[in-house]
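The residues making up each chain are set out below.
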Amino acid sequence: MLTYIIISVILALLPLVVRTERLTHIIAGLFVAVQAVGIGLVIGLDMVDEVMLSIFRADSMALLFHALMTIVLGFSLIHSSSYLRAEGISTRSYKAYYTLLMLLAVAISCVYYSDNIAMTWVFLELTTICSAGIIYHREFKQSLEATWKYVFVCSTGIAMAYLGILLLSTVATEGALDYASLKVAIVEGNPLYLKVAFLLMVVGYSCKMEIFPLYTVGVDANYAAPAPASAFISTALVNAGFLSIMRIYMLYASTGEVFVWARHVLILIGVLSLAVGAMFLRRANNYKRFLSYSTVENMGIVAIGLGVGGVALWAAVFHVVCHTFVKSSMFYHVGIVRHVYDSYSINRIGNYMNINRIGAIGIIIGTLVLLAFPPSPLFISEVMIFSEIVTVGKWWLLILMLVLMCVVLYSIWSRTLRLSYHSNQDELHLSEVNRRLSYIASLPLVLAIILGLWQPRFLDETISRIVTFDTAVAEVVEVYDTVVDADDVVDAEPVADEMIAEDESVDSAAEQVGDVAVNDEVNDAITD
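No experiment lies behind these values; they were computed from the predicted model shown. (Residues numbered from 1 in each chain as written. Predicted model: local features only at pLDDT ≥ 70, side-chain atom pairs only at ≥ 80, totals over all residues. Heavy atoms only, no water.)

A. Quick look at a nonpolar patch on the surface. Nonpolar side chains collect at one region of the surface, where Leu2, Ile6, Ile10, Leu13, Leu14, Leu16, Val17 and Leu53 lie side by side and expose about 710 Å² of accessible area between them. Counting through the fold element by element, leucine 13 comes out in helix α1 (residues 2-13). (Patch = residues over 30% accessible without salt bridge, like charges linked within 9 Å, V, L, I, M, F, W, Y side chains within 5 Å. Areas by Shrake-Rupley, 256 points an atom, 1.4 Å probe, with all protein chains shown as cover. Salt bridge = Lys/Arg side-chain N within 4 Å of Asp/Glu carboxyl O. Helix = DSSP H or I, 4+ residues; strand = E, 2+ residues; numbered from the N terminus.)

B. Structural context of the confidence of the model for the protein chain. Looking at the protein chain as a whole, its pLDDT mean stands at 87, while 87% of the residues score no less than 70. Across residues 470-528, confidence stays below pLDDT 50; counting only partners more than four residues off in sequence or on other chains, it has 72 contacts. (pLDDT = per-residue confidence, 0-100. Contact = heavy atoms within 4.5 Å.)

C. Broad picture of helix α15 (residues 357-370). For α15, built from 14 residues, the straight-helix expectation of 20 Å at 1.5 Å per residue is met to within 8% by its first-to-last C-alpha distance of 20 Å. Those residues of α15 not exposed but buried are Gly359, Ala360, Gly362, Ile363, Ile364, Gly366, Thr367, Val369 and Leu370. Considering only its buried residues, α15 is in contact with α12 (287-308), α13 (311-341), α14 (352-355), α16 (377-392), α17 (395-421) and α18 (435-453). Just downstream of α15, alanine 372 is the residue with a positive phi angle, here 70°. (Expected span 1.5 Å × (residues − 1). Buried < 20%, exposed > 50% of the residue type's maximum accessible area, 1.4 Å probe, protein only.)

D. Spotlight on the pattern of salt bridges. One pass over the full model with this rule turns up 10 salt bridges. For arginine 289, the salt bridge identified is with aspartate 220, shortest N-O distance 3.0 Å. Taken together, the positions of arginine 289 in helix α12 and aspartate 220 in helix α9 (residues 216-224) put the pair 69 residues apart, joining distant regions of the chain. Judged by its relative accessible area of 24%, arginine 289 falls in the partly exposed class. Residue classification places aspartate 220 among the buried residues on the basis of a relative accessible area of 9%. Salt bridges here are not isolated pairs; linked through shared partners, they connect Asp49, Arg57, Asp59, Asp115 and Arg247.

E. Representation of the packing of helix α3 (residues 60-87) against α18 in the model. One can describe the packing of α3 onto α18 by two numbers: an axis separation of 11 Å at closest approach and a directional angle of 160°. Considered as vectors, α3 and α18 are oriented roughly antiparallel to each other. Considering only the axes of α3 and α18, their crossing is left-handed. On α18, the residues touching Phe75, Ile78, His79 and Ser82 of α3 are Leu437, Ile440, Ala441, Leu443 and Pro444. The class makeup of the residues in the contact of α3 with α18 is 7 nonpolar, 2 polar and no charged. (Axes fitted to C-alpha atoms, helices over the stretch in contact; angles between N-to-C directions. Parallel < 35°, antiparallel > 145°, perpendicular 65-115°, else oblique. Left-handed = near helix turned anticlockwise from the far one by under 90°. Nonpolar A, V, L, I, M, F, W, Y, C, P; charged D, E, K, R; others polar.)

F. Broad picture of the nonpolar core. Grouped together as the largest cluster of nonpolar side chains are 177 residues, with contacts concentrated most on Tyr112, Leu168, Phe232, Met246 and Tyr252. For phenylalanine 232, the residues in contact, after removing those within four places along its chain, are Met69, Val72, Leu73, Ser76, Leu101, Leu104, Ala105, Ile108 and Leu237. (Core = buried A, V, L, I, M, F, W, Y, C linked by side-chain atoms within 4.5 Å.)

G. Quick look at the environment of leucine 23. Here leucine 23 lies in helix α2 (residues 21-44). A sequence separation of 72 residues divides leucine 23 from lysine 95, and the C-alpha atoms of the two residues are 9.8 Å apart.

H. Region of interest: the packing of aromatic side chains. Enumeration according to the criterion identifies 14 aromatic pairs in this entry. Arranged with centres 5.6 Å apart and planes meeting at 20°, the rings of phenylalanine 56 and phenylalanine 123 form a pair that is stacked. Here phenylalanine 56 is found in strand β2 (residues 56-57), whereas its partner phenylalanine 123 is found in helix α5 (residues 117-135), with 67 residues between them in sequence. Phenylalanine 56 sits in the buried class, given a relative accessible area of 2%. Residue phenylalanine 123 is classed as buried on the basis of its relative accessible area of 9%. Ring centres 5.1 Å apart and planes at 65° place the aromatic pair tyrosine 249 and phenylalanine 259 in the edge-to-face group. Linking tyrosine 249 in helix α10 (residues 227-251) with phenylalanine 259 in helix α11 (residues 257-283), this pair joins segments that are 10 residues apart in sequence. Take tyrosine 249 and phenylalanine 259: they sit in the same class, and that class is buried. Within the aromatic cluster, the residues linked to one another by ring pairs are Phe65, Tyr112 and Phe242. Its end group placed over the ring of tyrosine 179, arginine 247 keeps NZ or CZ at 5.9 Å from the ring centre. (Phe/Tyr/Trp six-rings, centres within 6.5 Å; stacked < 30°, edge-to-face > 60°. Lys NZ or Arg CZ within 6 Å of the ring centre and 35° of its normal.)

I. Molecular detail of the packing of α3 against helix α4 (residues 91-113). Relative orientation of the contacting elements α3 and α4 amounts to 170°, with a least axis distance of 10 Å. Looking at the two axes, α3 sits roughly antiparallel to α4. Contact with α3, carried on its side by Ala62, Leu63, Phe65, His66, Met69, Leu73, Leu77, Ser80, Ser81, Leu84 and Arg85, involves Tyr94, Tyr97, Tyr98, Leu101, Ala105, Ile108, Ser109, Tyr112 and Tyr113 of α4 and no other residues of that element.

Given below as structure tokens:
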């Protein structure tokens with residue numbers, strides 16, 4: 001892991017010392033290759049789930065999201081070249097942009113692999129620094145305002161998360177803050193402290209996942225940053241926020257009543273995010289802000305999936321994976337739109353179908369996929385979430401989601417039709433129409449549609465491993481005294497069933513305990 005970080009940082013800094021843009025492109029290509037080779041080596045050398053440098057662990061979730069980040073990064077770097085040339089910026093700014101984007105990728109990958117809750121916080125703070133430089137890249141008044149707002153709000157959010165980590169560290173054994181140690185120690189924590197800690201961490205990290213309440217900072221960042229960078233921020237960085245919250249969610253899975261409360265909090269945050277997205281999608285007059293509010297809406301659905309649990313947990317992770325492809329493609333297409341109109345204004349630009357037919361078709365298909373029309377993979381994830389909501393009997397939640405999603409559907413589809421067919425009111429720059437880029441921008445969308453028609457076995461198994469929490473016998477015995485009198489002799493499997501009854505997504509844990517834990521051994525441990 002140390003070798004990967006050193007090589008990646010060196011490659012990220014190299015554009016600052018080379019003289020030409022062509023060398024910068026070569027370095028960027030090598031950087032993407034290093035990411036891909038790193039993932040391949042971890043898998044090929046059987047280093048999955050191996051702890052590295054005491055603070056990193058290459059588990060299935062980290063590898064999956066690192067692979068997604070690498071794909072999006074490659075497309076973002078390709079589109080950045082054409083976008084920045086159209087901007088007419090200096091070579092110095094051109095190279096600085098590539099350096100910041102690659103450094104952001106390094107920081108995000110460290111978040112993915114972090115196996116220490118404190119180091120996750122540190123790496124997320126590093127993403128703030130790198131993102132701020134990218135947001136200010138265009139150096140106009142709105143960029144400066146968005147940059148300061150991003151730094152201030154993210155720092156506030158990260159500070160809140162730090163307070164939550166401090167509260168959580170009170171249960172740490174010998175100061176160990178790795179997730180495995182905390183998962184064992186957290187069972188004995190004060191429920192009030194655990195609830196406050198969870199709330200602080202989730203609210204703090206909401207600025208990265210772009211969910212309620214700190215979602216605004218992501219919207220402003222995507223508006224000010226170049227479109228290819230916005231695609232990266234709205235997917236890879238949002239995924240880093242999701243992964244950080246997901247690890248906390250998995251950490252709390254063994255806390256019983258506190259975990260039930262935490263899931264209710266996630267449902268509330270998800271509903272509020274969905275409501276905010278639906279409301280501002282109707283009011284947005286800028287296509288980049290428009291797509292950003294769509295991210296808020298989709299991450300709200302993901303948060304609801306986490307809160308509902310069961311099958312919806314698998315669907316939530318799958319939704320994030322597919323959203324990465326769809327949303328990045330839409331941002332790339334919107335970047336091309338700006339080349340044509342020199343504007344993102346929803347009310348002033350139109351007739352795109354007659355100007356760039358390939359791009360318009362890509363946006364229309366992307367909109368249908370984003371709205372979860374079959375064969376969209378988002379249709380699969382949303383139906384699974386709805387089915388789990390019905391299973392647990394939360395009809396009010398289902399009705400509320402459907403109403404809000406109808407508003408979202410109308411808002412997004414009407415804006416897409418306006419761009420494609422409404423009369424144009426702004427000046428055109430037809431020389432900037434690059435149909436080759438439109439084809440490239442559609443490739444992530446094609447990948448998403450393929451996932452809607454066919455889910456590869458390795459992806460299914462990877463997500464299943466992520467959402468199947470490892471409740472080993474040792475952990476069951478550790479928390480036994482919270483549910484059973486130590487003088488009683490009971491069978492292990494019924495107690496395990498009771499402990500995990502709050503979340504059907506980990507029902508397999510009961511089977512593991514039944515298969516692995518010999519009753520005599522567990523009963524002896526309890527008697528002792």
